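# Summary of structural features
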Amino acid sequence: MNSWDSYISQLFTLNNPILYSTVFAVLMVGFVILAFTKVIMPMRFRFYQEKQNILLEQAKLMALFSELDPDPSLRCNINGDIIQTNDASRILFGIKNFEGKKISDLLRGITKSISDIIGSNEELSFFEEINKKIFLVNIRGNSSYKFAHVYMN
């Protein structure tokens, strides 16, 4: 019994290097956890927020540019649903609200699926007669934003 008491008493003395190593390891782990929660995580969150704000500003600028275009233009998502139009396209098709409308219902000359055009960043051009006028329709897919922009001249 006396030998166990001597081992335990030597374990918690200041001359024991294991005690110093354990305290150092605990302090290092605590420092890493503190640095991660107080520095790295807030920085990552700020970066994500700034990235989202930049993407939102880009989308607003793209929408404004499209809205001011005198030629009809549409934007549709990967399912083919029309998500944005400008005044010229609303006048051309005589539709004020395009909600629930598919691009394939308005333009019959689309030979590929919109999801394929968007997924591969393709460009498709064809002629389409709309209201007794012939338009050159140009569809450009954008896989990073997951939409296709339809220009009509």
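The following paragraphs examine the structure supplied in this document. (Residues numbered from 1 in each chain as written. Predicted model: local features only at pLDDT ≥ 70, side-chain atom pairs only at ≥ 80, totals over all residues. Heavy atoms only, no water.)

### Brief notes about the overall build of the protein
- Scanning the protein for helices and strands turns up 5 helices and 5 strands.
- In the protein, the succession of helices and strands from N to C terminus is α-α-β-β-α-α-α-β-β-β.
- A compact globule built from 153 residues would reach a C-alpha radius of gyration of about 15 Å, whereas the protein, at 32 Å, exceeds it by more than 25%.
- Reported as C-alpha extents along the three principal axes, the dimensions of the protein are approximately 105 × 30 × 25 Å.
- Counting over 153 residues, the protein shows a buried share of 27%.
- Across the protein, every contact between residues at least 6 apart in sequence was considered, and the portion connecting residues at least 24 apart equals 32%.
- Taken together, the 16 basic and 15 acidic charged side chains of the protein have centroids lying 2 Å from each other. (Helix = DSSP H or I, 4+ residues; strand = E, 2+ residues; numbered from the N terminus. Rg over C-alpha atoms; globule rule 2.2 N^0.38 Å. Buried < 20%, exposed > 50% of the residue type's maximum accessible area, 1.4 Å probe, protein only. Contact = heavy atoms within 4.5 Å. Lys, Arg positive; Asp, Glu negative; His and termini not counted. Charge placed at Lys NZ, Arg CZ, Asp CG, Glu CD.)

### Observations regarding the side chain of N138
- The residue N138 is located in strand β4 (residues 133–142) in this model.
- Overall, the relative accessible area of 14% leaves N138 in the buried class.
- Within polar-contact distance, the side chain of N138 engages the side chain of E123 at 3.1 Å.
- Among the polar contacts made by the side chain of N138, one reaches the side chain of S125 at a distance of 3.4 Å.
- Setting aside residues up to four positions removed in sequence, N138 forms contacts with E123, L124, S125, H149, V150 and Y151. (Polar contact = N/O pair within 3.5 Å; in protein donor to acceptor, adjacent residues only side chain to side chain.)

### Quick word on the environment of E128
- When you line up the elements, E128 lands in strand β3 (residues 123–130).
- Judged by relative accessible area, which is 10%, E128 ranks as buried.
- Considering only alpha carbons, one finds E128 and I110, 18 residues apart in sequence, at a separation of 9.5 Å.
- When sequence neighbours within four positions are dropped, the list of residues in contact with E128 reads L106, L107, R108, G109, K133, I134, F135 and V137.

### Some thoughts on unusual backbone geometry
- Positive phi outside glycine occurs at N131, with the angle close to 55°.
- For N131, the position within the fold is in the loop between β3 and β4.
- Here the phi dihedral of K146 falls at roughly 60°; this positive angle occurs in a residue that is not glycine.

### Overview of the pairing of strand β2 (residues 82–85)
- In this sheet, β2 lies alongside strand β1 (residues 73–77) in antiparallel orientation, the contact comprising 3 bridges. Paired with L74 across the bridge in β2 is T85.
- Hairpin connection of β1 to β2: 4 residues between the antiparallel strands, including G80 at a positive phi of 90°. (Pairing = 2+ DSSP bridges.)

Geometric values such as these leave the question of function open.
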